[in-house]
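# Examination of the molecular architecture
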Amino acid sequence: FPSLVVTLIISSTLALFFFTPYELRQFRENLISSTFFVENFYLLFNDNYFGDNAEMNPLLHLWSLSIEEQFYLFFPFIVFFIDKKYFKTITWSLFLLSITSSLIFSSLYPCCNFYLTTSRIWEILLGTLIYIYYDKFFVMLSQNKNHNFLKNLCISIIIFSFCIFDEFNLNPGL
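Residues numbered from 1 in each chain as written. Predicted model: local features only at pLDDT ≥ 70, side-chain atom pairs only at ≥ 80, totals over all residues. Heavy atoms only, no water.

## Let's talk about the nonpolar core
Under the convention used in this document: Grouping buried Ala, Val, Leu, Ile, Met, Phe, Trp, Tyr and Cys residues that are joined through side-chain atoms within 4.5 Å yields what is termed a nonpolar core. Remark: exposure states derive from per-residue accessible area (1.4 Å probe, protein chains only) relative to the maximum for the residue type, with buried under 20%, exposed over 50%, and partly exposed in between. Secondary structure counts use DSSP, requiring at least four H or I residues in a row for a helix and at least two E residues in a row for a strand, with both numbered from the N terminus. In what follows, a contact means two residues having at least one pair of non-hydrogen atoms within 4.5 Å.
If you look at the biggest cluster of nonpolar residues, it comprises 19 residues, and the most contacted ones within it are L43, W63, F71, Y115 and L125. Looking at this core, the elements with two or more residues in it are α3 (39–46), α4 (62–81), α5 (87–108), α6 (110–115) and α7 (117–132). When residues in this core are grouped by element, the largest group, 6 residues, is from α7. When residues no more than four places from it in sequence are discounted, the contact partners of L125 are F71, F75, T91, L94 and F95. By size, the runner-up hydrophobic cluster in this structure holds 8 residues, among which are L4, A15, F37 and L59.

## Section: the confidence of the model for the chain
Operational definition: Residue-level confidence of the predictor is what pLDDT reports, using numbers from 0 through 100.
Across the chain, the average pLDDT comes to 84, with 84% of residues at or above 70. Element-level mean pLDDT values for the chain span from 69 in helix α8 (residues 134–142) up to 93 in helix α1 (residues 2–18).

## Some details on the side chain of N30
Where we set the bar: Any pair of nitrogen or oxygen atoms within 3.5 Å is treated as a polar contact; in protein, a donor-acceptor pairing is required on top of that, and neighbouring residues in sequence qualify only through side-chain atoms on both sides.
Within the secondary structure, N30 sits in helix α2 (residues 21–35). Overall, the relative accessible area of 5% leaves N30 in the buried class. A distance of 3.0 Å separates the side chain of N30 from the backbone oxygen of Q26, its partner in a polar contact. Setting aside its immediate chain neighbours within four residues, N30 contacts E39, Y42, L43, N57 and L59.

## Digging into the packing of α2 against α3
Our working definition: Axis angles are defined between N-to-C directions and span 0 to 180 degrees, where every axis is a line fitted to C-alpha atoms and, for a helix, only to the segment in contact. Only Asp, Glu, Lys and Arg are considered charged in this grouping, and only Ala, Val, Leu, Ile, Met, Phe, Trp, Tyr, Cys and Pro are considered nonpolar; every other residue, Gly among them, is considered polar.
The N-to-C vectors of α2 and α3 enclose an angle of 145°; their axes lie 7 Å apart at closest approach. Mapping the contact onto sequence places Q26, E29, N30, S33 and S34 in α2 and E39, Y42 and L43 in α3. Counted by class, the contact of α2 with α3 contains 2 nonpolar, 4 polar and 2 charged residues.

Next comes the structure, spelled out in structure tokens:
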């Protein structure tokens, strides 16, 4: 939050000096939606991340912080109210639902897919799953033969992601 506050204060100050009245109105709306962590919804209905006006929005990148904060606000309630024996099952279910929706909607509704929490939450849930299985993962990683396998697997995934990421496939998907 300190970095967010500094970003909002500096951006607001600079906007006062460099933006036209029309741009200031747009900036104010971005500022409000960023402050309340709904920037992803605001941009979904009002702007395009890859559009011409995107380069003039100093708060554009805060859509992803909105998704993170939405996760951090709602996931603890899910965890709190479920029986602990179902935690792994529910986490896996949410992960699989989210990644499936991301894959399905990447071609049907690419803009919605890019901004909506439901299509992005799998990325954060992956971190949750790594935490759940950390002990098993750490044991695998500490064994030399598995270390090379995991290292090569991770490098291959990174290379693969660069191969399929182009101007026609900018939204989350495969």
